[in-house]
Amino acid sequence: MINKIDKSLYKKCNLCPRKCNVNRLSGEKGFCKTGHEPLLSCGLLHYGEEPPVTGRGGSGTLFFAGCTLRCKFCQNYQLSREIVGKVTEKDLLSDIMIALQEKGAENINFVTATHFLPSVAEAVSIAKNKGLKIPLVWNSSGYETDETVEMLLEFIDIFLPDLKTMDPDLSGRLFNAKDYPQFATSAILKMTDRKKTDFSLIEKEGVMKEGVIVRHLVLPGEIKNTKEVLKWFSENVKDRAILSLMFQYEPHEPLDSDSELPRRRIIEKEVDEVYELLDEYGIDDGFIQEFEEGSLWTPDFTKSMPFPGGKEKPVWHYLEKN
């Protein structure tokens, strides 16, 4: 199947729920603001993912430019809005995957790559012929069509979808996609139906080989939104997926000037309310990003080591000669 995920899908591009129907092969651009050639910002060993994804060796993470959502609060706005990256041919992309594997990566982690799915699939096929053996991770906003998820299921081992909101009005205001809850929940259900999350194996071995981790970013002033997300998670997938709660929201001026969210970070009172919701909905398996007032989270992708703290190990960066 992976060999059938070809570039003809770019000709009338409907890879994401926006269904722009533009011919990206001829240079037209849809909502993602990209053509058909993948734009990569960097490839590195990343140690900031969830413990079973990071493991001991780090996650071999590939950060792509462009996005199908462009959230007004995006931490990676340099990628989603400023399109920071460079065209990366399939052979080079496959070589970066192999280099990450050789440096001890636990997996290859594709971040926000839905709009480049055919190119990624082609590069993966080449990399597998070169000896790529580690699991493949699809790290996305959750805004996926059922058709795209079906294609991904042919070669992706681990899914890391966001579940940002269950409120169409909020998703309409924050990323101009009132249909986000509909598509994200459908995609997550399909992922969890087909990819087994073995909780006992993860606990025993400390790394994840297959399964689903659902991420949710808590937004300031929107604990009701988090409550709705946790309720859905509890009622639908808590026995089939791991929950990852994040408190890393940061306001970005002037990026979020019209986002309607408070221009502040999460406060301790809101964190306490979220903990109470976890108890209310009986959610025990998962990860919580510890609340650290004053911590810096926003990466700078113009640097080869983009994350505050500088623990990652870069293999490729768009500004360096490669």
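Scroll up to find the structure this text is about.
All values reported here derive from a predicted model rather than from experimental measurement.

Asker: Tell me about the pattern of salt bridges, residues and numbers included.
Answerer: In the structure shown here, the tally under the stated rule is 15 salt bridges. The shortest N-O distance in the salt bridge between D162 and K164 comes to 2.9 Å. For the pair D162 and K164, a shared accessibility class is recorded, and that class is buried. Of the charged contacts in the structure, one is a salt bridge between E250 and R265, with a shortest N-O distance of 3.0 Å. With E250 in the loop between β8 (242-246) and α10 (268-280) and R265 in the loop between β8 and α10, the pair connects residues that are 15 residues apart, well separated along the chain. Residue classification places R265 among the partly exposed residues on the basis of a relative accessible area of 26%. The structure contains a network of salt bridges with shared partners spanning K7, K90 and E122.

Asker: So, the nonpolar core: which residues are in play, and what are the values?
Answerer: Core analysis: the largest hydrophobic core is formed by 89 residues, its most contacted members being L62, M97, F110 and F155. Within the second largest apolar cluster, eight residues are counted, among which are V53, I158, I213 and I242.

Asker: Break down a negative patch on the surface for me, citing the residues and quoting the values.
Answerer: A cluster of acidic residues, E203, D239, E268, D272, E276, D279, D284 and D285, forms a negative patch on the protein surface. Among the elements that line the negative patch, the one with the most residues is α10, at four residues. Here D239 shows up in the loop between α9 (223-236) and β8. With a relative accessible area of 64%, D239 lands in the exposed category.

Asker: Give a description of the pairing of strand β4 (residues 108-111) that names residues and reports values.
Answerer: Of the two faces of β4, both are covered, the one formed by I108 and F110 as well as the one formed by N109 and V111. Two elements, strand β2 (residues 59-64) and β4, share four bridges in a ladder whose sense is parallel. Looking at β4, one finds that L62 is bridged to F110. As judged from the four bridges shared by β4 and strand β5 (residues 136-140), these two strands associate in the parallel manner. Within β5, the residue paired with N109 across the bridge is V137. Handedness of the β-α-β unit built from β4, helix α4 (residues 117-129) and β5 comes out right-handed.

Asker: Can you tell me about the side chain of H216, naming the residues and giving the values?
Answerer: Along the chain, H216 falls in strand β7 (residues 211-217). The class of H216 is buried, set by a relative accessible area of 1%. Separated by 2.8 Å, the side chain of H216 and the backbone oxygen of L163 make a polar contact. At 2.8 Å, the side chain of H216 and the side chain of T226 are in polar contact. Ignoring sequence-local partners within four residues, the contact set of H216 consists of L163, K164, N225, T226, V229, S244, L245 and M246.

Asker: So what about the packing of aromatic side chains? Which residues, and what values?
Answerer: Using the criterion set out here, one finds nine aromatic pairs in the structure. Arranged with centres 5.0 Å apart and planes meeting at 55°, the rings of F63 and F301 form a pair that is tilted. Remark: F301 occurs in the loop between β9 (286-288) and β10 (313-317) and F63 occurs in strand β2; sequence separation between them is 238 residues. You'll find F63 and F301 in the same group, each marked buried. Arranged with centres 6.1 Å apart and planes meeting at 45°, the rings of F64 and F116 form a pair that is tilted. With F64 in strand β2 and F116 in the loop between β4 and α4, this residue pair connects regions lying 52 residues apart in the sequence.

Asker: Now, about α9: what can you tell me, with residues and values included?
Answerer: The terminal C-alpha atoms of α9, which comprises 14 residues, lie 20 Å apart, in line with the 20 Å expected from a rise of 1.5 Å per residue. Listed in full, the buried residues belonging to α9 are I223, N225, T226, V229, L230, W232, F233 and S234. Elements that come into contact with the buried residues of α9 comprise α6 (168-175), α7 (180-194), β7, β8 and α10.

Asker: Mind laying out the packing of helix α3 (residues 90-102) against α4, listing which residues take part and the relevant values?
Answerer: Contact geometry of α3 with α4 gives a least axis separation of 8 Å together with a crossing angle of 55°. With respect to α4, the element α3 is oriented oblique. Helix-helix and strand crossings are classified by hand; for α3 and α4 the assignment is right-handed. Touching K90, D91, L93, S94, M97 and I98 of α3 are E122, A123, V124, I126 and A127, all from α4.

Asker: Help me get a handle on the packing of α9 against α10, residues and values and all.
Answerer: Relative to each other, α9 and α10 sit at 20°, their axes nearing to 10 Å. The angle between α9 and α10 falls in the class roughly parallel. Where α9 crosses over α10, the handedness of that crossing is right-handed. Where α9 approaches α10, its residues I223, T226, K227 and L230 are matched on the opposing element by E270, E273, V274, L277, L278 and E280. Of the residues in the contact of α9 with α10, the class split is five nonpolar, one polar and four charged.

Rules of the game
- Residues numbered from 1 in each chain as written.
- Predicted model: local features only at pLDDT ≥ 70, side-chain atom pairs only at ≥ 80, totals over all residues.
- Heavy atoms only, no water.
- Salt bridge = Lys/Arg side-chain N within 4 Å of Asp/Glu carboxyl O.
- Buried < 20%, exposed > 50% of the residue type's maximum accessible area, 1.4 Å probe, protein only.
- Helix = DSSP H or I, 4+ residues; strand = E, 2+ residues; numbered from the N terminus.
- Core = buried A, V, L, I, M, F, W, Y, C linked by side-chain atoms within 4.5 Å.
- Patch = residues over 30% accessible without salt bridge, like charges linked within 9 Å, V, L, I, M, F, W, Y side chains within 5 Å.
- Areas by Shrake-Rupley, 256 points an atom, 1.4 Å probe, with all protein chains shown as cover.
- Lys, Arg positive; Asp, Glu negative; His and termini not counted.
- Charge placed at Lys NZ, Arg CZ, Asp CG, Glu CD.
- Pairing = 2+ DSSP bridges.
- Right-handed = clockwise from strand over helix to strand, strands pointing away.
- Polar contact = N/O pair within 3.5 Å; in protein donor to acceptor, adjacent residues only side chain to side chain.
- Contact = heavy atoms within 4.5 Å.
- Phe/Tyr/Trp six-rings, centres within 6.5 Å; stacked < 30°, edge-to-face > 60°.
- Expected span 1.5 Å × (residues − 1).
- Axes fitted to C-alpha atoms, helices over the stretch in contact; angles between N-to-C directions.
- Parallel < 35°, antiparallel > 145°, perpendicular 65-115°, else oblique.
- Left-handed = near helix turned anticlockwise from the far one by under 90°.
- Nonpolar A, V, L, I, M, F, W, Y, C, P; charged D, E, K, R; others polar.

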